[in-house]
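# Coordinate inspection notes
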There are 2 protein chains.
Amino acid sequence: MYTPKSAAQNTSWLIEESDLSADTTAAHETRFTLANGYRSLRGESPFCQPRFPGAFYAGLFDKSEAAVTELVNCPNPLPFRVYVDYEEALVGKKGALEYHRALDMEQGLVSTGLVYEAETGSRLRMQSDRFVSRSDRHRWAERWVFQAENFSRRILLKIAIDGAVLNNRQHPLDAVQHIKVTDRGRLDLEVAAGIFLESQTRDQGMRVCEGALLLCPETEPALKLLVLRPLAERVEAVYELTLSEGRPVVLYRLGYGMVRPQAGSEQGHDIRSALAAFAADGYEAELGAHRKVMQRFWNEADIQIEGDERAQRAIRFNLFHLSSCADPGTGRVSIGAKGLHGEGYKGHVFWDTETFMLPFFIFTQPETARSLLSYRYHTLAGARENARRGGHRGARFPWESADTGVEVTPPWGVDYAGHLVRIWTGELEVHINADITYAVLKYLQVSGDRQFLIEEGLQILLETSQFWASFVQWNEAKQRYEIRNVIGPDEFHEHVDNNTYTNYLAAWALRKVRDLVHQLEKEDPALLRDILSRSQVTREELESWKEVADKLYIPQDGELLEQFEGYFKLKDIPITEWDKNGMPLWPKGLDVRRLNETQLIKQPDVVMLFAMIGEEFPLEQKIKNYEYYERRTMHKSSLSPSMYAMVGLGLGKHDHAYEYFIKAAETDIVDNQGNTAHGLHVANAGGTWQSAVFGFGGLSLDKDGVLRIEPWLPPQWKRLRYRFFWRGISVAVDVVPGIFTVQAQELLVFRSGDKEYSTGKDGITVPRLG
Amino acid sequence: MYTPKSAAQNTSWLIEESDLSADTTAAHETRFTLANGYRSLRGESPFCQPRFPGAFYAGLFDKSEAAVTELVNCPNPLPFRVYVDYEEALVGKKGALEYHRALDMEQGLVSTGLVYEAETGSRLRMQSDRFVSRSDRHRWAERWVFQAENFSRRILLKIAIDGAVLNNRQHPLDAVQHIKVTDRGRLDLEVAAGIFLESQTRDQGMRVCEGALLLCPETEPALKLLVLRPLAERVEAVYELTLSEGRPVVLYRLGYGMVRPQAGSEQGHDIRSALAAFAADGYEAELGAHRKVMQRFWNEADIQIEGDERAQRAIRFNLFHLSSCADPGTGRVSIGAKGLHGEGYKGHVFWDTETFMLPFFIFTQPETARSLLSYRYHTLAGARENARRGGHRGARFPWESADTGVEVTPPWGVDYAGHLVRIWTGELEVHINADITYAVLKYLQVSGDRQFLIEEGLQILLETSQFWASFVQWNEAKQRYEIRNVIGPDEFHEHVDNNTYTNYLAAWALRKVRDLVHQLEKEDPALLRDILSRSQVTREELESWKEVADKLYIPQDGELLEQFEGYFKLKDIPITEWDKNGMPLWPKGLDVRRLNETQLIKQPDVVMLFAMIGEEFPLEQKIKNYEYYERRTMHKSSLSPSMYAMVGLGLGKHDHAYEYFIKAAETDIVDNQGNTAHGLHVANAGGTWQSAVFGFGGLSLDKDGVLRIEPWLPPQWKRLRYRFFWRGISVAVDVVPGIFTVQAQELLVFRSGDKEYSTGKDGITVPRLG
């Protein structure tokens, strides 16, 4: 009945576990999270006590007594319990004989199977399939099959909605209640009785309502409701299900959830109608609609690797979860650093989204990319407030962003010893402003979405540039502009002056934005005037950005870019030993509390420029800098290995590329950062896509904006296929040893090596270099 | 710092565990329960997630949606958590290096020690000692010692009072909320801030209030309150405690709890004063007072066995827990079948108290015995109501009793299959009325408490007798009284007529009560008239009891008493095989669903008569019946082995006595009934005492009321010592091979063999028979 591991169809679509000890539940809850960009349900098993239960709605934040506003962990509609002869069927108990869970990434379905033998000897085989619909984003459902192996008797089933939820429940100090339960009880539908629970957030009174019901399609009423009751901040219903030995019985649990502004509407009533409609449509119909969305997603975004199932499964794991975090419909929410997969980083949005995740969406899901950038447009008011508070003009996007765009990085943390630790990133990690500019420009370049440029994009570009122009400081002695006291991508070094990454990207942004304005002026001067007046950027101000960009100081020693002013004077202790996975070990004798006095870095900083705007630098300079910084990078961020893989491949450095790639791709599969339990490393998922497509797939843009494709395959890869959109045209790349084929919906020009090619529906095959 | 197992002083006082897997927590929670007859706290470990948390107040019942009223599981004041470098120190995790718990029965103290190493490498050694005061019964406390082995830094401590409690939490259908939280928060005391939680029961609005605070006696403020907050139906406080490597730091947690009738008093205020007073007295003073009570208890009640530490520890385990269930002060509560140790049997009081537990109290704690009997006096109104409902006169005490004396046996149960199962005991197991009569008479005989007789005892005796006289039915054909359609102690057979145990004990009771009245009439006729008028028993009615008693039918075949009419005609399949512990195996080929058609019995029935009123039967008859029924007893009640041990020893049957005794004594130590998790087999604890003192110790009463002492020691016992009170005189018996010594505060006459002895302060040594 349930699929044992060995019999699974194509295991490269499956993430599996069968741990009878229930020891790693918390990480599995993250891996088996199902989400649709609107809501998410962490992957708790119906046969385990949940470790970190989690139900989130994208963009639903609350502060209450917390240090900063955080993504609310909402009432949990998932509890489901099976009782065999009054014994609760749980993994970890003696009676659990076989257990198996699988995330089917192709279908977006989590299957859970258990064979449980009660102390009475009654043996029950169960399987559930769960999905969170990507079609109707309020709906989620489960299909259950129960089969009594050696008895004919009732079993009991309990479903519940649990409103006794806290954020940071496990934390001794930070546990916070963001939700008040306002009502819970019974929903009377024609088809069956259901349960509902209404609640609201404490600060803004946003109303969250969940409903669920259990249905049995059998004509004989095998399922009978015994008890439906509120128990404190929880509602539960207990059913008996009568089984006959050997005969499988199917059940469906249908769930519906929604968030509404305060208002006085009767949510219970709305949930009732919604569940009635869901019941009328039926499980299979919704699953079909959900599958269609999944199928379309994979058609557009799948990366196929032949000859390396490990890599194949890992890349899909990242794409699946990345896609589950975004909802193209809203334009009001973005993706937090841990996705919708846990409470980590409080659901806040960092540069992670624009720098690491967005390229994936830009190239495979342009509508979603636009929606994610719209979130920044809609939080411009907060970004302006951040700039104003610092005494600057324009918009400074927050290092950590929640619902308003006002900076929500906690200014203080507390270490083990109880010492307050000043967190400077919120004030100093200003490069995010240029990262957003970069993302907007990249989106415009790839999509050609002029409407977004006019309606929202240019506004973002102008105000972020305005900030840079007011943020730089003129050094009269050295006759140059400087940006002092910042943190670059490498967080081992704080309070540095003239961080090359920041300064270079800011200058690049100022130039690009000015150029874009000039071009628009030629095309439609009236429109431009209109946009400028809205943004309060004067013509003179705009023209001044050229000088700022030209005179913004970039510290360097010949071709070698200096990470920040004075970096080369720091103690130089290059890495000399690596672990068996190729990851660097701390150099011997190093005092890790004084990393800031060394040239060791946490993650790429200068090298990030090559990852983002590599076309601006000559090859020789990139190689020289890459080699220098790679020897000094400790990869202490999950965002590091994928970038080194990708940039290295572009420079012909194939030695570590595969190791870096696998390290990144498997981050949450093997939990190599040790914190998968708290959410997914979703920026790393984006980085993994980049290292596959930009790295091995060799996709890049030349400085003149023409596509370039220079693939390289690791020896064990027999074939690599990927797809992307270029200005609305779907393009497919198919790489095998020696040659690669590019096929496009319409005429497409690209370069490879020193040649330029045209292709179309029939495709073109090109010899592969190197 | 904390005592490792091997170094414990006298292990016969200790019940220990050191299971790092936390697998058996629920049974340990029962074994480590601390109670004082007023309140109890199940023995949850601060280093384990509780399995069945439990906090009870004796006599606090509530029904709400439950099938019958049940002992309320109250808000739990025990949660305590330690965080080392933000990591929760729990057994079952990798960091738990050594774990040890010990119940010190001598002091009434539970010690828990853990060495925990966090992932950061910080290693912390902790120990707590907990007691629930037997001096001030509202108070409980813990002394904590923390020692950082290899770090100097703060740790975090969290205390809480949890009001999110349910009864039958684990049961799919029966979970019930009996408690509503009405307030919770901060208590400001001069010495420190504390937490409190007020709640009330749902039916009667009885108010339960808990308060607690954490104190550090260090002058340097090593302890600092960081957060104190309500979180839904819970209040918690988090502290930091600053440790220096190697230096132990001591803390105290002081707790106070109380139940009050509804009223409008400010409980928070009262709890504040009470905690302030407790803090002023200090932990050590209260512990001293508690120890004095414990010391007095052991002085009066300890049984000492030399040469057999296993038996020594086991007997003490039973005495300790038995004593923890009773509070001599009230007269309003009795002891449920699972003590105050769990939710088993819903806290209801059965014949267990009078028949099995009470002899222990009568002989060692006469004040407590009186208080337990007073509970029956105070529930006479309910007992009258039970009789009235059945169309009878007098008082019929309920088979299951809660707060009013009205029958609370659930009339229906539900089996696994969901079938309703009729529970007949509430209507049919009427022998409890005679069991109570027996207990009152035994108490009067041993204590000589004439005041109780006059104020309460006689009232019970008269009304229970009145019930019997109106309950018996006259069989005109056979010219005899009969009692039809009952259940005797052996519950394998229901709906039987003329159960010998019931009929014999009822007749015995009627005769004894009538004799007592006649005797009282001689001593104080006016007083008797007064009592009779209160009880509505007429003189004629009283005199008629002789005929009822004389003509009440006792089925028998010669000397062999028939368990009930027709029993001897049932299929006779004697037991022929025993397991390695000497316990019977089901005879081969038996259909266990049709036990009622066989002579196999669950537990002693006829033999119980010899256990209770053995002086009424000739020795030869007892031997014959014992042998007959022992071969047919399956010991499926925990109450069975101890009775067979005790009765057998009185009949010179030594073969199985020790096996039976150990089986009984270790019931909850080894969990041989499989349900220790749900509470203690406290009647079995009383039976264990009886088999030690009445059995091996050979204490009995001849028919003329003179004490008899006929000890017998198993070969491995080098010495047996026990004490008891006889009419207020403290008596000590000291048995060694060959002889025994009896010492008494005042002149005491007793018999042994065919001789009569007198003893006093100097004692007398008597040769031992057999």
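The rules behind the values
Residues numbered from 1 in each chain as written. Chains lettered and ligands numbered in written order. Predicted model: local features only at pLDDT ≥ 70, side-chain atom pairs only at ≥ 80, totals over all residues. Heavy atoms only, no water. Helix = DSSP H or I, 4+ residues; strand = E, 2+ residues; numbered from the N terminus. Buried < 20%, exposed > 50% of the residue type's maximum accessible area, 1.4 Å probe, protein only. Polar contact = N/O pair within 3.5 Å; in protein donor to acceptor, adjacent residues only side chain to side chain. Contact = heavy atoms within 4.5 Å. Core = buried A, V, L, I, M, F, W, Y, C linked by side-chain atoms within 4.5 Å. Least-squares fit on C-alpha atoms with pLDDT ≥ 70 in both. Phe/Tyr/Trp six-rings, centres within 6.5 Å; stacked < 30°, edge-to-face > 60°. Lys NZ or Arg CZ within 6 Å of the ring centre and 35° of its normal. Salt bridge = Lys/Arg side-chain N within 4 Å of Asp/Glu carboxyl O. Pairing = 2+ DSSP bridges. Expected span 1.5 Å × (residues − 1). Patch = residues over 30% accessible without salt bridge, like charges linked within 9 Å, V, L, I, M, F, W, Y side chains within 5 Å. Areas by Shrake-Rupley, 256 points an atom, 1.4 Å probe, with all protein chains shown as cover. Buried area = accessible area lost by both parts, 1.4 Å probe. Nonpolar A, V, L, I, M, F, W, Y, C, P; charged D, E, K, R; others polar. Axes fitted to C-alpha atoms, helices over the stretch in contact; angles between N-to-C directions. Parallel < 35°, antiparallel > 145°, perpendicular 65-115°, else oblique. Left-handed = near helix turned anticlockwise from the far one by under 90°.

### Notes on the side chain of T667 of chain B
Residues and elements named next belong to chain B. Topologically, T667 is positioned in the loop between α17 (657–665) and α18 (682–696). Owing to a relative accessible area of 2%, T667 belongs among the buried residues under this scheme. Here A664 takes part through its backbone oxygen, which lies 2.8 Å from a polar atom of the side chain of T667. The residues contacting T667, other than those within four sequence positions of it, are S638, N672, Q673, T676, H681 and N684.

### Some remarks on the environment of L373 of chain B
Residues and elements named next belong to chain B. Within the element layout of this structure, L373 appears in helix α6 (residues 366–378). Judged by relative accessible area, which is 0%, L373 ranks as buried. Between the C-alpha atoms of L373 and E149, which are 224 residues apart in sequence, the distance is 54 Å. Beyond its immediate chain neighbours, meaning those up to four positions away, L373 contacts E354, L358, A439, V440, Y443, F452 and I460.

### What to know about unusual backbone geometry
Residues and elements named next belong to chain A. Even without being glycine, S64 reaches a positive phi, approximately 50 degrees. Note on placement: S64 falls in the loop between β5 (61–62) and β6 (70–71). For S64, a relative accessible area of 16% corresponds to the buried category. Of note in this structure, R727 is not a glycine but carries a positive phi near 45 degrees. As for its position among the elements, R727 is in the loop between β29 (719–726) and β30 (729–736). Look at R727 and you get partly exposed, because its relative accessible area is 44%.

### A closer look at the nonpolar core
If you look at the biggest cluster of nonpolar residues, it comprises 190 residues, and the most contacted ones within it are L254, I303, L458 and L462 of chain B. When residues in this core are grouped by element, the largest group, 12 residues, is from helix α11 (residues 500–523) of chain B. I303 of chain B has contacts with Q312, I315, R316, L319, W689, A692, V693, L720, R721 and Y722 of chain B, leaving out every residue within four places of it along the chain. Core analysis: the next-biggest nonpolar cluster, separate from the first, contains 159 residues, Y567, F696, L701 and A744 of chain A among them.

### What to know about the relation of the copies chain A and chain B
Each copy of the sequence occupies a distinct position, and chain A is placed on chain B by a rotation of 179 degrees and an axial shift of 0.1 Å, giving an RMSD of 0.1 Å. The two molecules are tied by a two-fold rotation axis, judged by turn and shift.

### Notes on the packing of aromatic side chains
For the structure shown, the criterion picks out 88 aromatic pairs over all chains. An aromatic cluster is built from W13, F297, W298, F360, F361, F363, W689, F694, Y722 and F724 of chain A, whose rings are joined through pairwise contacts. Sitting over the ring of W13 of chain A, R316 of chain A keeps its end group 3.6 Å from the ring centre. Sitting above the plane of the W412 of chain B ring, R422 of chain B keeps its charged end 5.5 Å from the centroid.

### Details of the pattern of salt bridges
All chains considered together, the criterion is met by 128 salt bridges over all chains. A salt bridge links R511 of chain A to D550 of chain A; the nearest nitrogen and oxygen atoms lie 3.4 Å apart. Highlighted residues: R511 of chain A in helix α11 (residues 500–523) and D550 of chain A in helix α13 (residues 539–551), separated in sequence by 39 residues. With a shortest N-O distance of 2.6 Å, E482 of chain B and R484 of chain B are connected by a salt bridge. One salt-bridge network, in which partners are shared between bridges, spans D702, D704, R708, E710, R751 and E756 of chain A.

### Remarks on the sheet that holds strand β17 (residues 223–230) of chain A
Residues and elements named next belong to chain A. The 5 strands are arranged β8-β7-β13-β18-β17 in an open sheet whose pairing can be described as antiparallel. Here the strands that pair on one side only, and so sit at the sheet edges, are β8 (87–88) and β17. Bridging between strand β13 (residues 154–162) and strand β18 (residues 234–242) involves 9 bridges; their strand directions are antiparallel. Bridge pairing in β18 places A160 opposite E236.

### Here we look at helix α18 (residues 682–696) of chain A
Its 15 residues place the ends of α18 of chain A 20 Å apart at the C-alpha level, agreeing with the 21 Å of an ideal helix rising 1.5 Å per residue. Immediately beyond the C-terminal end of α18 of chain A, within one or two residues, lies G698 of chain A, with a positive phi of roughly 70 degrees.

### Overview of the pairing of strand β7 (residues 80–84) of chain A
Residue and element names in this part refer to chain A. Buried residues dominate β7, accounting for 5 of its 5 residues. Of the two faces of β7, the one lined by F80, V82 and V84 and the one lined by R81 and Y83 are each fully buried. Looking at chain direction, β7 and β13 are connected through 4 bridges and run antiparallel. Across the sheet, residue V82 finds its bridge partner in β13, namely L157. As paired elements, β7 and β8 share 2 bridges and run antiparallel to each other. Looking across to β8, one finds that Y83 is bridged to E88. Adjacent in sequence and paired antiparallel, β7 and β8 are bridged by 2 residues, among which D85 carries a positive phi angle near 45 degrees.

### Focus: a nonpolar patch on the surface
On the surface, a cluster of nonpolar side chains totalling about 310 Å² of accessible area is made up of W412, V414 and L420 of chain A. Position of L420 of chain A relative to the elements: it lies in strand β22 (residues 420–422).

### Quick word on the interface of chain A and chain B
Counting from both sides, the interface comprises 30 residues of chain A and, opposite them, 30 residues of chain B. Summing the contributions of chain A and of chain B, the shared interface buries around 2700 Å²; its carbon and sulfur component is 62%. Joining chain A to chain B, the criterion identifies 0 salt bridges. Across the chain A-chain B interface, the total number found is 14 residue pairs in polar contact (both at pLDDT 80 or more). Where the side of chain A that touches chain B is concerned, the elements lending two or more residues are β13, β17 and β18 of chain A. A class-by-class count of the residues in the side of chain A that touches chain B yields 16 nonpolar, 5 polar and 9 charged.

### Some points on the packing of helix α3 (residues 283–301) of chain A against helix α4 (residues 309–324) of chain A
Residues and elements named next belong to chain A. Two elements in contact, α3 and α4, have axes whose closest approach is 12 Å; the angle formed by their N-to-C orientations is 125 degrees. Between α3 and α4, the angle is such that the two are oblique. The element α3 and its partner α4 pack so that their crossing is right-handed. Two secondary-structure elements touch here, α3 through M294, F297, W298 and A301 and α4 through R316, L319, F320 and S323. Here the residues of the contact of α3 with α4 are counted per class, giving 6 nonpolar, 1 polar and 1 charged.

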